[in-house]
Amino acid sequence: MIATIQYNSRKIQIDVSKPIDISIAIDMSKENINAWYVDDPKIIPEDSDGEIIKVSEGAVVNFNNIHFNPHSHITHTECVGHITKEVHSVNKNLKHYFFVAEVVTVAPENDGDDFFISKKQIKTALRNKKRDAIIIRTLPNLLEKKSKRYSNTNPPFLLEEVAVYLKEKGIKHLLIDLPSVDKERDDGKLLVHNAFWNTKGELRMDATITEFIYVPNTVDDGEYLLNLMIAPFENDATPSKPILYKIENQ
C-alpha cells in the first residue's frame, strides 16, 4: 500500500504496509530494560477481595494493572517539562506526529571511562541535510540493548555541543538508543537536555527527546519518514512507539 505525502515542495512516497518499529516494549515474558535505580515493571491481574481477575483463574476477562516508570522501563518521549519547575505535558505539546528523519550510526568516542558522541560525529553524519528529526544508533548495536540493566554502568552520552548544534540546525526531535542523552551522573547539570530545549532562552515547547529506542541492524542509515506515536498521558514523558517508513522515491 503506497501513500504519497506532500512535504513542503516534495512528494514523499512510502509503503505503509512496511513499518519499521524502533520501540522497546515492556514484556514480562523476558528481562526488560531498566535504568535509574528503580525496581522492574510489573503487569499483574487485579485482585478484588481475593478474586484474581484473570480468565485462567476463572474470571470472564483479563484485567491487569501495570506499574512502570516511562524513563526507566520502556521507549519514551519527553518534553521540556522533564526538567522544568512548571509542569509541562508532552501530550499537550507534541501536536504533530509525522517528520522527515535521518538515521545515523555512530561509534562513541572515549576519554577514560567515559564514552560520548561529539558534534563532529553528528555534523559529519548529517552534513547539510535538513531534517525534522535525528535518530541516533550507537555501536555496538547488540540485541542486549533491549534488556540491558543500565543503572550504575555509565552508558555513553551526548556532549552538550551536540545539542547546541541540533538546536541551531532546527532539529525538533532527537531519538537515541540509550537511557539518556546526558551522562548518568553529572551532578544534576543535564547539559544536553537544557541545551536542546533552550532553557536559558525561549523554551522549545514542541521539541522532544525520545530515549530507549532500538534500531535493527537491517535498517540502513539515511532518510525516513518518522511516525512518532505517543500514549496519551498528561505527563512530562510518556511511552512511545516510533515507527519508520522507508522513503521509496529518494
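What counts and how
Residues numbered from 1 in each chain as written. Predicted model: local features only at pLDDT ≥ 70, side-chain atom pairs only at ≥ 80, totals over all residues. Heavy atoms only, no water. Salt bridge = Lys/Arg side-chain N within 4 Å of Asp/Glu carboxyl O. Helix = DSSP H or I, 4+ residues; strand = E, 2+ residues; numbered from the N terminus. Buried < 20%, exposed > 50% of the residue type's maximum accessible area, 1.4 Å probe, protein only. Arc of directions from axis to C-beta. Contact = heavy atoms within 4.5 Å. Pairing = 2+ DSSP bridges. Phe/Tyr/Trp six-rings, centres within 6.5 Å; stacked < 30°, edge-to-face > 60°. Lys NZ or Arg CZ within 6 Å of the ring centre and 35° of its normal.

- As recorded in an unreviewed UniProt entry, the chain goes by Cyclase family protein and comes from Jejuia spongiicola.

### Some remarks on the pattern of salt bridges
And step 1. Under the counting rule described, the total for this entry stands at 13 salt bridges.
And step 2. Its salt-bridge partner being Glu102, residue Arg131 comes within 2.8 Å of it at the nearest N-O pair. Of this pair, Arg131 sits in the loop between helix 3 (119–126) and strand 12 (133–138) while Glu102 sits in strand 9 (residues 98–106), placing them 29 residues apart in sequence. With respect to class, Arg131 is no different from Glu102; both count as buried.
And step 3. A salt bridge links Asp206 to Lys172; the nearest nitrogen and oxygen atoms lie 2.8 Å apart. Linking Asp206 in the loop between helix 5 (191–197) and strand 15 (208–211) with Lys172 in the loop between helix 4 (160–169) and strand 14 (173–176), this pair joins segments that are 34 residues apart in sequence.
And step 4. The network of salt bridges with common partners includes Arg10, Glu102, Lys129, Arg131 and Glu223.

### Remarks on helix 3
And step 1. Looking at helix 3, one finds that the buried residues are Gln121, Ile122, Ala125 and Leu126. Each buried residue of helix 3 sits inside an arc of 120° when the element is viewed along its axis, so together they form one side. Turned more than 90 degrees away from the buried face of helix 3, the exposed residues are Lys120 and Thr124.
And step 2. On its buried face, helix 3 is in contact with strand 9, strand 10 (109–111), strand 11 (114–117), strand 12 and helix 4.

### Considerations on the sheet that holds strand 13 (residues 157–158)
And step 1. With mixed pairing, the three strands of this open sheet are ordered in space as 10-11-13. The sheet terminates laterally at strand 10 and strand 13, the two strands that pair on one side only.
And step 2. The pairing of strand 10 with strand 11 spans three bridges and is antiparallel. Of the residues in strand 11, the one forming a bridge with Asn110 is Phe115.

### Examining the environment of Ile117
And step 1. Here Ile117 shows up in strand 11.
And step 2. In the structure, Ile117 is positioned 11 residues away from Val106 in sequence and 7.5 Å away in space, judged by C-alpha atoms.
And step 3. If near-sequence neighbours (up to four positions away) are discounted, Ile117 is found in contact with Val106, Pro108, Ile122, Ile136, Thr138, Phe157, Leu158, Leu159, Val162 and Ile176.

### Section: the packing of aromatic side chains
And step 1. Under the defined criterion, the tally for this structure stands at four aromatic pairs.
And step 2. On the basis of an interplanar angle of 45° and a centroid distance of 6.5 Å, the ring pair of Phe116 and Phe157 is categorised as tilted. Taken as a pair, Phe116 in strand 11 and Phe157 in strand 13 lie far apart in primary sequence, 41 residues in all. There is no split in this pair, since Phe116 and Phe157 are both buried.
And step 3. Plain terms: the ring middles of Tyr150 and Phe212 are 5.6 Å apart, the flat faces sit at 45° to each other, and that makes the pair tilted. In this pair, Tyr150 sits in the loop between strand 12 and strand 13 while Phe212 sits in the loop between strand 15 and strand 16 (222–230), placing the two residues 62 residues apart along the sequence.
And step 4. Classification of Tyr150 as buried rests on a relative accessible area of 4%.
And step 5. For Lys148, the ring lying beneath its charged end belongs to Tyr150, and the centroid distance is 5.7 Å.
And step 6. Looking at Arg204, its charged tip hangs above the ring of Phe196, at a distance of 4.8 Å from the centre.

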